[in-house]
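Residue strings, one per chain:
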Amino acid sequence: MASLDILLPHYNDPEGLLLSLQSVLEQTWPGEMRVVIADDGSSEPHRSAVCAIVDDLRETQSGKGRLEIDLILCPVNRGRPFSRNVLLDAIESPYVAWLDAGDEWYPQKLAVQFDLMRSIEASEAHHMTWITCNYDWQWLGGDRKKKRQNTDQDQHKALLMGKDLRAYLWTLLGSAASFKSIGYFDERLPRMQDLDYFIRFVSHGGTIRNVDTPDAFCVYHKSDIGRNADEIRACKALIYDKHRVIFNRYGENFCKMRLYNMDMLAARFAQNNNDHKRARYYMWSAFRNKPLSFLQHVRRKGLSA
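As the structure is a prediction and not an experimental result, all values here were calculated from the model.

**Student:** Help me out: how do you make sense of the overall build of the chain in this one?
**Tutor:** Regarding its fold elements, the chain presents 12 helices and 11 strands. For 305 residues, the compact-globule formula gives about 19 Å, and the C-alpha radius of gyration of the chain, at 20 Å, lands near that figure. In terms of overall dimensions, the chain has C-alpha extents of about 65 × 50 × 35 Å along its principal axes. The 305 residues of the chain split such that 52% are buried. For the chain, the proportion of contacts with a sequence separation of at least 24, taken over those separated by at least 6, is 77%. Accessible area for the chain stands at about 14,300 Å²; split by element, carbon and sulfur atoms hold 50% of it. Taking the average location of the 41 positive side-chain charges in the chain and that of its 39 negative ones, the two points are 11 Å from each other.

Right under this line is the structure:
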């Protein structure tokens, strides 16, 4: 039976961390699991709470021989990409999965993904394959809505569009080599470093596969609250600049639509955080890039121009 490292960055969310760890404990996959938590300089009392959670789990799992928990305490907060790079350096097992504090796996996730992994290993080179899965998307206070990961398409184009193939690390299972070969996360990207990492994986010849079932196997608890619209827009712009050759591959209209979507995403974050002046700024920028698309959005949403 294989062994697996589960890499989990954390910052100031011990309740979310406990939720995620409980979903790991509920996995039906029978292999050995090593959870590695990188606490990114959480403030007190959050850090003490994390230490207490880890101590309790170590005690309850002692002697069972299935789950090991390692906690790395970073002295200062340096952002999620830094934490993820710390976790990359901590890999010991031949297989790796990721999980963000506050998100959950359903019990069958790893079992279903390892079934596909064994099939791939028996028939083809697998070291550059990531196995994703469908997931539920749950806005804070809302109902869960299933999202499908469509991997049977041009994966570069699909990732850049971000509609039916999304760059979410917590959906993945892969070999340790497949993650290490891509290098480190870009620490200039406090947001969207997942997308940059996925793009680089596909550029290096990697392939993303989905499990052969329509079910969702994890849930993303989503909220825009407290997220900076300017930061989101800047990260999107950096990714656009880094991968301009790939964007240009799909033509001028495709690039304009991506710029339009960047501005509309930033407008959404600003609007949901009650920064209405900033939201109007980004909406105006989106209008200038794609006026017809913006007017269609306004009509569809029933907004006043």
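**Student:** Quick question: what am I supposed to make of the sheet that holds strand β6 (residues 129-132) here?
**Tutor:** Strand-to-strand pairing in sheets goes through backbone hydrogen bonds, with the strands running parallel or antiparallel. Pairing within the open sheet is mixed, and its 7 strands lie in the order β3-β2-β1-β4-β9-β6-β10. On the outer flanks of this sheet lie β3 (67-74) and β10 (207-210), each paired with one strand and no other. Averaged over all pairs of adjacent strands, the angle between their axes in this sheet comes to 25 degrees, without regard to strand direction. The sheet contact formed by strand β2 (residues 32-40) and β3 spans 8 bridges and is parallel. Across the sheet, the residue bridging to D40 is C74, located in β3. Seen against the sheet, helix α1 (residues 14-25) touches β1 (3-10), β2 and β3 and runs at an angle of roughly 165 degrees to β1.

**Student:** Is there a simple way to think about the pairing of strand β7 (residues 134-139) in this case?
**Tutor:** Of all 6 residues in β7, 5 are buried; the element is thus mostly enclosed. Bridge count for β7 against strand β11 (residues 216-222) is 5 bridges, and the pairing is parallel. Note on β11: the bridge partner recorded for N134 is A216. Where β7 lies against strand β8 (residues 144-147), 4 bridges are found, and the strand directions are antiparallel. When the bridges of β8 are listed, Y135 appears paired with K147.

**Student:** I would appreciate a short explanation of the nonpolar core in the present structure.
**Tutor:** Side chains of nonpolar character tend, in soluble globular proteins, to be buried together. In terms of nonpolar packing, the biggest core is built from 43 residues, with W98, W130, L159, L169, F179, Y197 and F198 touching the most fellow members. Non-local contacts of L169, meaning those with residues more than four positions away in its chain, are made with R84, W98, F179, F185, D194, Y197 and F198. Core analysis: the second largest hydrophobic core is formed by 39 residues, C133, Y135, L173 and C218 among them.

**Student:** Help me understand the sheet that holds β8 in this model?
**Tutor:** Strand order in the open sheet made by the 4 strands is β5-β11-β7-β8, with mixed pairing throughout. Every other strand in the sheet has two partners, leaving β5 (104-105) and β8 as the edge strands with one partner each.

**Student:** What is the right way to read the packing of helix α11 (residues 276-289) against helix α12 (residues 291-301) from this model?
**Tutor:** Two quantities define a packed helix pair, namely the angle between the axes and the distance from one axis to the other. Where α11 contacts α12, the two axes come as close as 5 Å, and the packing angle between them is 125 degrees. Comparing their axes, α12 and α11 come out oblique. Every residue of α12 that contacts α11 at M283, F287, R288 and N289 is listed here: P291, F294 and L295. The residue inventory of the contact of α11 with α12, partitioned by class, reads 5 nonpolar, 1 polar and 1 charged.

**Student:** Whenever I open this one, the packing of aromatic side chains confuses me. Can you help?
**Tutor:** Counted under the stated rule, the structure contains 21 aromatic pairs. Ring geometry for Y95 against F114: centres 5.3 Å apart, planes inclined by 80 degrees, an arrangement best described as edge-to-face. A residue pair is termed long-range when its members are at least 10 positions apart, and Y95 in strand β4 (residues 95-98) and F114 in helix α4 (residues 109-123) qualify at 19 residues. Of the two residues examined, Y95 and F114, each falls in the buried class. Note on Y135 and W170: the rings are 5.4 Å apart at their centroids and 90 degrees apart in plane angle, and the pair reads as edge-to-face. One end of the pair, Y135, is in strand β7; the other, W170, is in the loop between α5 (155-161) and β9 (173-175), and 35 residues separate them in sequence. On the basis of relative accessibility, which here comes to 1%, the residue Y135 falls in the buried class. Given the relative accessible area of 2%, W170 is considered buried. Aromatic rings pair up to connect W98, W130, F179, F185, Y197, F198 and F201 into one cluster.

Reading the values: the criteria
Residues numbered from 1 in each chain as written. Predicted model: local features only at pLDDT ≥ 70, side-chain atom pairs only at ≥ 80, totals over all residues. Heavy atoms only, no water. Helix = DSSP H or I, 4+ residues; strand = E, 2+ residues; numbered from the N terminus. Rg over C-alpha atoms; globule rule 2.2 N^0.38 Å. Buried < 20%, exposed > 50% of the residue type's maximum accessible area, 1.4 Å probe, protein only. Contact = heavy atoms within 4.5 Å. Areas by Shrake-Rupley, 256 points an atom, 1.4 Å probe, with all protein chains shown as cover. Lys, Arg positive; Asp, Glu negative; His and termini not counted. Charge placed at Lys NZ, Arg CZ, Asp CG, Glu CD. Pairing = 2+ DSSP bridges. Axes fitted to C-alpha atoms, helices over the stretch in contact; angles between N-to-C directions. Core = buried A, V, L, I, M, F, W, Y, C linked by side-chain atoms within 4.5 Å. Parallel < 35°, antiparallel > 145°, perpendicular 65-115°, else oblique. Nonpolar A, V, L, I, M, F, W, Y, C, P; charged D, E, K, R; others polar. Phe/Tyr/Trp six-rings, centres within 6.5 Å; stacked < 30°, edge-to-face > 60°.

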